[in-house]
Every structure is written in C-alpha cells, then in structure tokens.
Amino acid sequence: MRQRAASIFIAVLAASLLLGASSAHAIAYTQMPTPQLEARYLHLIRNFRCMQCQDESLADSPVDLAAEMRRHIRDMLLAGKTDQQIREFMVSRYGYFILFKPPFVAKTAWLWLTPGAVLLLGVITALVIIRKRAVLVTSDPQDDDLTDA
Amino acid sequence: MSRFVNRFTVPLAIFAVLVVVFAIGIKDSPQKDLIPSPLIGKPAPAFALPSLTDPGRKVTSAQYRGHWYLFNIWGTWCIDCRIEQPMLLKIKQAGIIPIVGLDWKDDPKDARTYLKQAGDPYQSIGMDQDGAEAIMWGAYGAPETFLVNPEGIVVYKRIGPITERAWEQDILPRLPLTSTPDSASSS
C-alpha cells in the first residue's frame with residue numbers, strides 16, 4: 001500500500017515537472033500557413049543555437065535576437081528557400097557555432113571522432129583487465145591477493 | 001616494483017591527461033563569448049539603409065566601394081557602445097578611415113539626441129530598427145566593428161569596444177600606409 005502511494009506520488013511529480021517544463025518553454029511565434037512549413041520551421045529553429053544564450057536553441061530562447069532570427073528564418077521559408085539554403089545562410093553569417101549538430105568536415109572531424117576513440121580505448125582497457133584476471137584465477141586459485149606478481 | 005607500475009601508472013596517466021584537458025577547457029572558456037566571424041575574407045553584406053542623420057537619404061555599401069571603412073554596430077541602449085564612444089571620436093579625429101554606423105534596434109529620436117550630446121563619430125549611419133541588417137552581418141551583440149577594404153571584403157572584426165590597443169595593433173596595421181593625404185596632419 002505504501003509502495004503504491006509512493007509510485008502515485010512519483011507519477012504526479014513527473015507529470016507536474018513535464019507540464020512545468022512545457023509551459024516554461026512557451027514562446028510566442030507566428031503560425032506558418034501550412035502544417036508542412038510549420039514542421040520545417042519548428043525543426044529548423046530547434047537546431048540553431050541562440051548566439052546570446054549559447055546553450056539554448058532559437059526555439060527556446062526568449063531574447064530579442066533569437067526572435068529576430070526566428071522571423072528571418074520564417075521569411076526565408078515563406079520565400080521558398082530549402083532547409084539546406086537556410087542552414088547555409090545561417091552558417092555563412094554565424095559560423096558552424098550556430099548549428100547544434102556541426103557537420104562532419106575536416107575542421108570538426110576531431111569533434112566527431114574523439115568520443116569513438118575514447119570508447120575504443122576504454123573497451124580495449126577493459127578487455128585487457130578482464131583477460132589478465134581470468135588468467136590469474138585459472139593459474140593460481142590459492143592467491144587471494146588479486147594483483148599480479 | 002612492477003606491481004606498483006601496473007596498478008597506478010595507467011590511472012595516473014589518464015588522470016594527468018584529464019587534468020590537462022580540463023585545464024585547457026577552463027582557461028579558454030571565456031573565449032566562448034568571442035565567436036570568430038565567418039565573414040572574414042568574404043564580401044561584406046551589401047546594404048542600402050535609411051539614414052539616421054539625413055532623413056530621406058540612403059546609406060549604401062556602393063557609396064563605400066573603393067574606400068576602407070569601419071562598420072560599427074551600436075545602439076543607445078548598449079552600455080559598451082557608450083564606453084567605446086570616446087575612442088570612435090578619436091578615430092574620427094585621426095581622419096584615417098571613415099566610420100559607418102549601424103544603429104541597431106533603436107529609437108531614431110533617442111539616437112539623434114544621444115549623438116548631439118555625446119558627439120557624432122560617424123560619417124554616415126544606417127538605421128536597422130527591426131534588427132534584420134544585423135543578422136546579415138552575423139552580429140550577436142553590440143558593439144561589433146568590421147573593417148572593410150576597398151574591394152568590399154571584410155578583413156577584421158572586433159567584438160566589444162574598440163580599445164586604444166585594438167586600434168593600434170589590430171586596425172592600423174591592416175590599413176595601407178598612405179590612406180588619406182590629410183591623415184598626416186592630424187594626430
């Protein structure tokens with residue numbers, strides 16, 4: 001019974017947090033004329049960084065500059081520009097920094113490759129340790145000091 | 001001895017590497033504010049803006065073809081621009097390079113009053129009341145200043161107020177030695 005009450009409490013808490021988050025992020029924007037344009041617009045503004053707050057997207061940021069950028073993106077969409085053209089425009093003015101997901105080019109290669117390299121290193125290290133311990137256990141069952149000598 | 005090496009060297013080495021990585025990250029983090037402009041080496045945006053000081057006239061990039069100029073983004077609401085103001089007046093007095101202003105998201109009346117009181121360092125000022133022009137220049141704060149050469153190429157961008165040092169070390173050396181004949185007479 002107590003467990004049940006606890007789980008209800010957690011569910012209510014989670015729901016209130018989710019609702020709170022969505023209302024906090026509500027930023028006035030003009031509706032696009034078609035659902036397709038609306039979807040493209042929302043997708044675009046979620047993937048550009050706000051240059052003044054840096055860790056928020058254009059969709060989330062309340063600052064004036066973000067509002068102007070959203071309007072500019074909307075104008076470009078209404079003028080018939082493709083998503084690619086809009087991205088290229090934003091990058092031409094603000095650099096790759098404005099993209100939350102930077103492209104894989106020579107300049108950003110290290111950014112994409114480092115996590116994989118570190119993971120590989122971790123896996124290799126883990127394998128080496130596991131192998132060593134396995135050898136240790138089979139060769140010397142009496143030795144409870146698990147270090148190799 | 002070999003036991004000690006096995007157990008401690010590898011974690012210690014990883015720790016040392018992490019210390020270096022984080023030290024660099026902490027040391028360089030203030031530079032997050034200074035994002036290099038992709039416009040450097042590229043043509044400056046073409047503009048044709050309503051003039052702040054000369055209503056009915058336009059301030060255009062075509063007027064500055066063949067001339068070096070500084071393109072300074074400012075607004076009366078911007079504190080750092082007020083800090084920069086005396087330096088801009090000094091640059092105007094030096095007479096080496098004209099300053100074109102972009103009055104960003106400002107009330108033109110406020111801007112005119114401000115310039116009357118504080119002094120007007122600009123050769124001409126374009127108005128950008130809705131902020132559309134500033135996006136063309138990739139501006140994300142004020143003041144920002146671009147140095148544009150006679151071919152219309154951006155050669156340098158300064159984020160934040162132009163200091164004496166920035167003027168002497170970053171802007172002057174980029175200008176040709178004999179820019180204007182009257183530059184020698186003024187200090």
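Residues numbered from 1 in each chain as written. Chains lettered and ligands numbered in written order. Predicted model: local features only at pLDDT ≥ 70, side-chain atom pairs only at ≥ 80, totals over all residues.

Engineer: What is the right way to look at the interface of chain B and chain A in this model?
Structural biologist: Note: interface size is frequently given as the accessible area lost on complex formation between the parts. Between chain B and chain A, the contact holds 15 residues from the first and 17 residues from the second. For the side of chain B that touches chain A, the secondary-structure elements that each account for two or more residues are helix 1 (2-28) and helix 4 (132-136) of chain B. Split by residue class, the side of chain B that touches chain A holds 7 nonpolar, 4 polar and 4 charged. (Contact = placed C-beta atoms within 7 Å. Helix = DSSP H or I, 4+ residues; strand = E, 2+ residues; numbered from the N terminus. Nonpolar A, V, L, I, M, F, W, Y, C, P; charged D, E, K, R; others polar.)

Engineer: Could you clarify how one ought to interpret the pairing of strand 3 (residues 69-74) of chain B in this entry?
Structural biologist: Sheet faces and side chains relate simply in a regular strand, where the side chains alternate between the two faces. Residues and elements named next belong to chain B. Of all 6 residues making up strand 3, 6 are buried, and the element is well covered by its neighbours. The side-chain alternation of strand 3 yields two buried faces, one formed by Y69, F71 and I73 and the other by L70, N72 and W74. Taken together, the 5 bridges between strand 3 and strand 6 (residues 144-148) define a ladder with antiparallel strand orientation. Bridging across to strand 6, Y69 finds its partner in V148. Note that strand 3 and strand 4 (residues 99-104) share 5 bridges and pair parallel. Each residue of the ladder has a partner; that of I73, found in strand 4, is L102. Where the polypeptide runs from strand 3 across helix 2 (residues 79-94) and back to strand 4, its parallel neighbour, the crossover connection is right-handed. (Buried ≥ 20, exposed ≤ 12 C-beta atoms within 10 Å, placed from the backbone. Pairing = 2+ DSSP bridges. Right-handed = clockwise from strand over helix to strand, strands pointing away.)

Engineer: Honestly, the sheet that holds strand 5 (residues 124-128) of chain B in this entry has me stumped. Any pointers?
Structural biologist: What links the strands of a sheet is backbone hydrogen bonding, and the strands pair in either a parallel or an antiparallel sense. Residue and element names in this part refer to chain B. Spatial ordering of the open sheet is given by 5-4-3-6-7, a layout of 5 strands whose pairing is mixed. A single partner strand is all that each edge strand has here, and the edge strands are strand 5 and strand 7 (154-159). Each strand axis lies, on average, 20° off the axis of its neighbour in the sheet, ignoring direction. (Axes fitted to C-alpha atoms, helices over the stretch in contact; angles between N-to-C directions.)

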